[in-house]
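Structural features, examined
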Amino acid sequence: MLKPIQIKLVLLGEAAVGKSSLVLRFVNNDYQENKEPTIGAAFLTQKCKVQDKIIKFEIWDTAGQERFHSLAPMYYRNAQAAIVVYDITNSDSFDRAKSWVKELQRQATNEIVVALAGNKCDLHDSRQVESEVASSYSSEKGLLFLETSAKENENVNHLFKEIAKKLPLE
Ligand code: GTP
Ligand code: MG
């Protein structure tokens, strides 16, 4: 048996964008219509196979409510990967995502792999953030970018796989 490579990953983003829902989908392939807000942070793990390697993601799902902002550095410090989430139907959440990216690029480790996830892409009729805008912002900042739906299980596994592929795994 291969020994799994442990990767610390943190999720950041405004309240109610779907961070916990993405994690619940990735870890348990489950979805809850009325997920309760996270208090502080939650810790979960999930394994994932990439090429000939087994990755064990150690996931810190942080709370998006502003009163928890000061806790975030505890979770992104030493993280090898981060997923910054916004809600495609909420342009304020995209602005908040950009400020998280700025904070990460200033304060996290240099080699951190950062992905931007535009979640709730099933709600395309209420879209406020165009894909092209988020996509060109991401290329400019060197981020992975995907639109996801935790609800309809779109791009969720793919997101973690793409992150794993970008990790320096030795
Ligand atoms: P905090 O823990 O407060 O930071 O929120 P969060 O980012 O963890 O959001 P959470 O996963 O709790 O989801 C908030 C609400 O959005 C819940 O009612 C979810 O059911 C809903 N939701 C999450 N993902 C999706 C999605 O992909 N599509 C739709 N339509 N709703 C979603
Ligand atoms: Mg949550």
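Everything discussed here concerns the structure shown above.
Summary of the structure given here. (Residues numbered from 1 in each chain as written. Chains lettered and ligands numbered in written order. Predicted model: local features only at pLDDT ≥ 70, side-chain atom pairs only at ≥ 80, totals over all residues. Heavy atoms only, no water.)

1. Considerations on the environment of Val-84
Secondary-structure assignment places Val-84 in strand β4 (residues 81-87). Among the residues examined, Val-84 registers a relative accessible area of 0% and is labelled buried. Setting aside anything within four residues of it in sequence, one finds Val-84 in contact with Leu-12, Ala-97, Trp-100, Val-101, Leu-104, Val-114, Ala-115, Leu-116 and Ala-117. (Helix = DSSP H or I, 4+ residues; strand = E, 2+ residues; numbered from the N terminus. Buried < 20%, exposed > 50% of the residue type's maximum accessible area, 1.4 Å probe, protein only. Contact = heavy atoms within 4.5 Å.)

2. Focus: the pattern of salt bridges
Scanning all chains against the criterion turns up seven salt bridges. With a shortest N-O distance of 2.9 Å, Arg-127 and Glu-147 are connected by a salt bridge. Separated by 20 residues along the polypeptide, Arg-127 in the loop between β5 (113-119) and α4 (131-141) and Glu-147 in strand β6 (residues 144-147) bring together distant segments of the chain. Taking the relative accessible area as the measure of exposure, Arg-127 reaches 23% and is therefore partly exposed. Judged by its relative accessible area of 15%, Glu-147 falls in the buried class. (Salt bridge = Lys/Arg side-chain N within 4 Å of Asp/Glu carboxyl O.)

3. Quick notes on the coordination of the magnesium ion (ligand 2)
The magnesium ion (ligand 2) binds to the protein through Ser-20 (OG) and Thr-38 (OG1); the donor distances cover 2.1 Å. Residue Ser-20 is found in helix α1 (residues 19-28), and its partner Thr-38 is found in the loop between α1 and β2 (41-50); the two are separated by 18 residues along the sequence. (Donors = N, O, S within 2.8 Å, 3.2 Å for Na, K, Ca; no water.)

4. Side note on the pairing of strand β1 (residues 5-13)
Where burial is concerned, most of β1 is hidden: seven out of the nine residues are buried. Bridge analysis of β1 against strand β3 (residues 53-62) gives seven bridges, and the strand direction is parallel. Bridged to Leu-11 within β3 is Asp-61. As defined by bridge partners, β1 adjoins β4 across five bridges and the pair is classed as parallel. Directly across from Leu-9, in β4, lies its bridge partner Ala-81. (Pairing = 2+ DSSP bridges.)

5. Things to note about the side chain of Ser-149
Along the chain, Ser-149 turns up in the loop between β6 and α5 (156-166). Within polar-contact distance, the side chain of Ser-149 engages the backbone nitrogen of Glu-152 at 2.9 Å. Residues contacting Ser-149, with those up to four places away along its chain left out, are Asn-119, Lys-120, Cys-121, Asp-122, Glu-154 and Val-156. (Polar contact = N/O pair within 3.5 Å; in protein donor to acceptor, adjacent residues only side chain to side chain.)

So yeah, pure geometry; function would need other evidence.
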